[in-house]
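# Close look at the chain arrangement
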Amino acid sequence: MRTSAWFFWDRYFRSWDVIVTTALQVLSSRIFPKTARTYDEWNQPAEETEPPVFLPGVLAKSVGFTAVILTYDRQDSLLQLISLLGRCPSLAKVVIVWNNQDKAPPFDDAWPVIPQPVRVLRMKKNVLSNRFVPYAEIDTEAVFSLDDDILMLTPDEIEFGFQVWLENWDRLVGFPSRLHVFNTSSNIWEYNSEWGSTLSMVLTGAAFFNKAYSRYYTQSLPRTIRDYVDTHVNCEDLAMNFLIANMTKKGPIKVGPRKKFRCPNCSNQDMLSADSGHLMERSQCIGYFAEAFGFMPLVSVQYRADTTLYKEDASGEEARYPNIGSL
């Protein structure tokens, strides 16, 4: 108790200068809620509020990434995806989150043979938030979250995406991008999936993030948001975007020019996003999440990450990621 009292006195009341600064910080948080301090930042010593994910430095590429694939009943595309990932030099492990309680995973001899280990985790309940559980099987800092139908990416695209994440490891770095917009006529937030010059979200059907965010999603994200996601069977990816943007005050990074991410061999019935009410449901998610957070944390950006020699004639050592560029 005495330690806490001294902390508050020293930080907020020890002099008139400190008192005025505190008052201005409170006022600023009301005017600019996006930059406001969190509860922990106000009430804990600074060294306890800065999570390890935000420490300066660059991670070692040699550690690699863990691919976490959420799947239910698309076995053919899942097996093709594992084979594709096996050709990525930086892949350390594949973790399959098996969300189907009524159907067992394939037998061991059905899985593709790749150089990296493949682990299958059977879930007790079919909920989308299983994608972001901080599983003990994830040994790397980098998590590459994937839907089981992402067959259009090349190993070069994945490797380049990993390199971009290594240089921006507090950010969400990925491939499919989306935008939130505010409709002034209806006074609501809307989900925009049209291709444009601005983005504010990267979908976790194909995205890299730091494994620490799985813990924050599971333990720190408001329970009402996680319950909303699991009840509506939608928007876990948007919730992760809200979480990371709120913690970093930064936008995501889209990698490469590709804009089409439809599963080439899947029917519309196989795809959750093919439902006619999908966009409306996603818009409702954004509005609900913004209300739960008390403000809109998403940050819009107007750039993407391309290789230095994108669209340049290069060969040999200079062409590190030659198979990038398809829309």
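This one's a predicted model, so the numbers in the text were calculated from it and none came from an experiment.

### Quick look at the sheet that holds strand S7 (residues 188-192)
As summarised here, the arrangement of the 3 strands in space is S7-S6-S8, forming an open sheet in which the pairing is antiparallel. Looking at strand neighbours, the two that pair on one side only are S7 and strand S8 (201-202), the edges of this open sheet. In this structure, strand S6 (residues 177-183) lies alongside S7, joined through 5 bridges in antiparallel fashion. Within S7, the position partnered with Val-181 by the bridge is Glu-190. Sitting on the sheet, helix H10 (residues 278-293) touches S6, S7 and S8, and the angle it makes with S7 is about 130°.

### Things to note about the state of the cysteines
In total, this model carries 1 disulfide according to the counting rule given. Paired through a disulfide, Cys-235 and Cys-285 show a sulfur-sulfur distance of 2.0 Å. Since a negative S-S torsion denotes a left-handed disulfide, the Cys-235-Cys-285 link at about 85° is right-handed. With a gap of 50 residues between them, Cys-235 in the loop between helix H8 (223-232) and helix H9 (236-248) and Cys-285 in helix H10 connect regions that are remote in the sequence. Accessibility classification places Cys-235 together with Cys-285 in one group, the buried group.

### Focus on the environment of Asp-73
Topologically, Asp-73 is positioned in the loop between strand S1 (65-71) and helix H5 (75-85). Sequence-wise, Asp-73 and Asn-100 are 27 residues apart; in three dimensions their C-alpha atoms are separated by 7.0 Å. Those residues in contact with Asp-73 that sit more than four places away from it in its chain are Asn-100 and Lys-103. A distance of 3.0 Å separates a polar atom in the side chain of Asp-73 from a polar atom in the side chain of Lys-103.

### With respect to H8
Listing the buried residues of H8 in full gives Ile-225, Arg-226, Tyr-228 and Val-229. Projected down its long axis, H8 carries its buried residues within an arc of 155°, all on one side. When the buried face of H8 is taken as reference, the exposed residues oriented beyond 90 degrees from it are Arg-223 and Thr-231. The secondary structure elements touched by the buried residues of H8 are helix H7 (212-219), H9 and H10.

### As for the pattern of salt bridges
Throughout the structure, instances matching the rule amount to 10 salt bridges. Between Asp-73 and Lys-103 there is a salt bridge, with the nearest N and O atoms lying 3.0 Å from each other. In this pair, Asp-73 is assigned in the loop between S1 and H5 and Lys-103 in the loop between strand S2 (91-98) and strand S3 (118-122), connecting sequence segments 30 residues apart. The exposure class of Asp-73 is partly exposed, given its relative accessible area of 44%. With its nearest N and O atoms 3.0 Å apart, the salt bridge here joins Arg-223 to Asp-227.

### Observations concerning empty space enclosed by the protein
Taken as a whole and judged by the stated rule, the model has 1 cavity of 30 Å³ or more. Roughly 60 Å³ of internal volume is contained in the largest cavity. In terms of lining residues, the largest cavity is bounded by Arg-171, Leu-172, Ser-200, Asn-241, Ile-244, Ala-245, Lys-250, Gly-251 and Pro-252.

### Description of the pairing of strand S9 (residues 206-210)
When you tally the buried positions in S9, you get 5 out of 5 residues, the bulk of the element. With burial as the criterion, each face of S9 is covered, one bearing Ala-206, Phe-208 and Asn-210 and the other bearing Ala-207 and Phe-209. Taken together, the 5 bridges between strand S4 (residues 142-147) and S9 define a ladder with antiparallel strand orientation. What sits directly across from Leu-146, in S9, is Ala-206.

### Considering the sheet that holds S3
The strand order across the open sheet built from 8 strands is S3-S2-S1-S4-S9-S5-S10-S11, with neighbouring strands paired in mixed fashion. Looking at the sheet topology across the chains shown, the edges are occupied by S3 and strand S11 (304-305). Sitting on the sheet, helix H6 (residues 155-166) touches S1, S2, S4, strand S5 (173-174), S9, strand S10 (253-255) and S11, and the angle it makes with S9 is about 30°.

### Let's talk about the side chain of Ser-200
Position of Ser-200 among the secondary structure elements: in the loop between S7 and S8. A polar contact of 2.7 Å, which involves the side chain of Ser-200, links it to the side chain of His-180. Setting aside residues no more than four positions away along its own chain, Ser-200 makes contact with Arg-178, Leu-179, His-180, Asn-241, Pro-252, Leu-298, Val-299 and Ser-300.

Calculation notes
- Residues numbered from 1 in each chain as written.
- Predicted model: local features only at pLDDT ≥ 70, side-chain atom pairs only at ≥ 80, totals over all residues.
- Heavy atoms only, no water.
- Pairing = 2+ DSSP bridges.
- Helix = DSSP H or I, 4+ residues; strand = E, 2+ residues; numbered from the N terminus.
- Contact = heavy atoms within 4.5 Å.
- Axes fitted to C-alpha atoms, helices over the stretch in contact; angles between N-to-C directions.
- Disulfide = S-S within 2.5 Å.
- Buried < 20%, exposed > 50% of the residue type's maximum accessible area, 1.4 Å probe, protein only.
- Polar contact = N/O pair within 3.5 Å; in protein donor to acceptor, adjacent residues only side chain to side chain.
- Arc of directions from axis to C-beta.
- Salt bridge = Lys/Arg side-chain N within 4 Å of Asp/Glu carboxyl O.
- 1 Å grid on protein atoms, 1.4 Å probe; cavity = no way out; pocket = protein on both sides within 12 Å on 5 of 7 lines; lining within 4 Å.
- Points joined across faces, edges and corners; volume = space filled by probe spheres on them.

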